[in-house]
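Summary of structural features
Here are the chains, one letter per residue:
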Amino acid sequence: NAVGLSEQSPVYSTQVCALPNPVATFVASEYTDTSVQLTWTAPAFTGCRNAIITGYQVYMRQGSNAYALVHEAGPAVLT
């Protein structure tokens, strides 16, 4: 270019993925009036080849109310 040579820029690639499948197993246990323990395993199909699940969103609904996001975090342990 008119300014001169420079170091090469990094190359990034992207791919369009489908939505992942729902979690493979889901268990709600140890529930009280104010808490519940949720456990699950990651889905077998993550949306596209070599895709990594980076987090989960947990929604809750009470009665006929709308669903509300109650937790959003990485794939390990939600606190």
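Residues numbered from 1 in each chain as written. Predicted model: local features only at pLDDT ≥ 70, side-chain atom pairs only at ≥ 80, totals over all residues. Heavy atoms only, no water.

**Observations concerning the overall build of the protein**
Check the secondary structure of the protein and you find zero helices and four strands. Mapped in sequence order, the helices and strands of the protein form the string β-β-β-β. Projecting the C-alpha coordinates of the protein onto the three principal axes gives extents of approximately 70 × 25 × 25 Å. The proportion of buried residues among the 79 residues of the protein is 9%. Here the analysis covers contacts within the protein between residues at least 6 apart in sequence; of these, 19% occur between residues at least 24 apart. When the accessible area of the protein is evaluated, it comes to approximately 7300 Å², of which 55% is carbon and sulfur surface. (Helix = DSSP H or I, 4+ residues; strand = E, 2+ residues; numbered from the N terminus. Buried < 20%, exposed > 50% of the residue type's maximum accessible area, 1.4 Å probe, protein only. Contact = heavy atoms within 4.5 Å. Areas by Shrake-Rupley, 256 points an atom, 1.4 Å probe, with all protein chains shown as cover.)

**Let's talk about the state of the cysteines**
The tally for this structure, following the rule as stated, stands at one disulfide. Bridging Cys17 to Cys48, the disulfide has an S-S length of 1.9 Å. Between Cys17 and Cys48, the S-S dihedral sits near 50 degrees, and the bridge is therefore right-handed. Taken together, the positions of Cys17 in the segment before strand S1 (26-29) and Cys48 in the loop between strand S2 (37-40) and strand S3 (56-60) put the pair 31 residues apart, joining distant regions of the chain. A residue is classified by how much of its surface remains accessible, and Cys17, at 37% relative accessible area, is partly exposed. (Disulfide = S-S within 2.5 Å.)

**Some details on the layout of surface pockets**
Its volume calculated, the second largest pocket comes out at about 260 Å³. Residue assignment for the lining of the second largest pocket shows that the elements contributing at least two residues are S2 and S3. Ranked by residue count, the leading element in the lining of the second largest pocket is S3, at four residues. (1 Å grid on protein atoms, 1.4 Å probe; cavity = no way out; pocket = protein on both sides within 12 Å on 5 of 7 lines; lining within 4 Å. Points joined across faces, edges and corners; volume = space filled by probe spheres on them.)

**Side note on the packing of aromatic side chains**
Per the stated rule, a full pass over the model turns up two aromatic pairs. Between Phe26 and Trp40 the ring centres are 6.4 Å apart and the planes differ by 15 degrees, which places this aromatic pair in the stacked class. Of this pair, Phe26 sits in strand S1 while Trp40 sits in strand S2; the two residues are 14 residues apart in sequence, bridging distant segments of the chain. Pairing Trp40 with Tyr56 gives two aromatic rings, centres 5.1 Å apart and planes at 65 degrees, and the pair type is edge-to-face. With Trp40 in strand S2 and Tyr56 in strand S3, the pair connects residues that are 16 residues apart, well separated along the chain. For Trp40, a relative accessible area of 22% corresponds to the partly exposed category. By relative accessible area, Tyr56 is classed as buried at 12%. (Phe/Tyr/Trp six-rings, centres within 6.5 Å; stacked < 30°, edge-to-face > 60°.)

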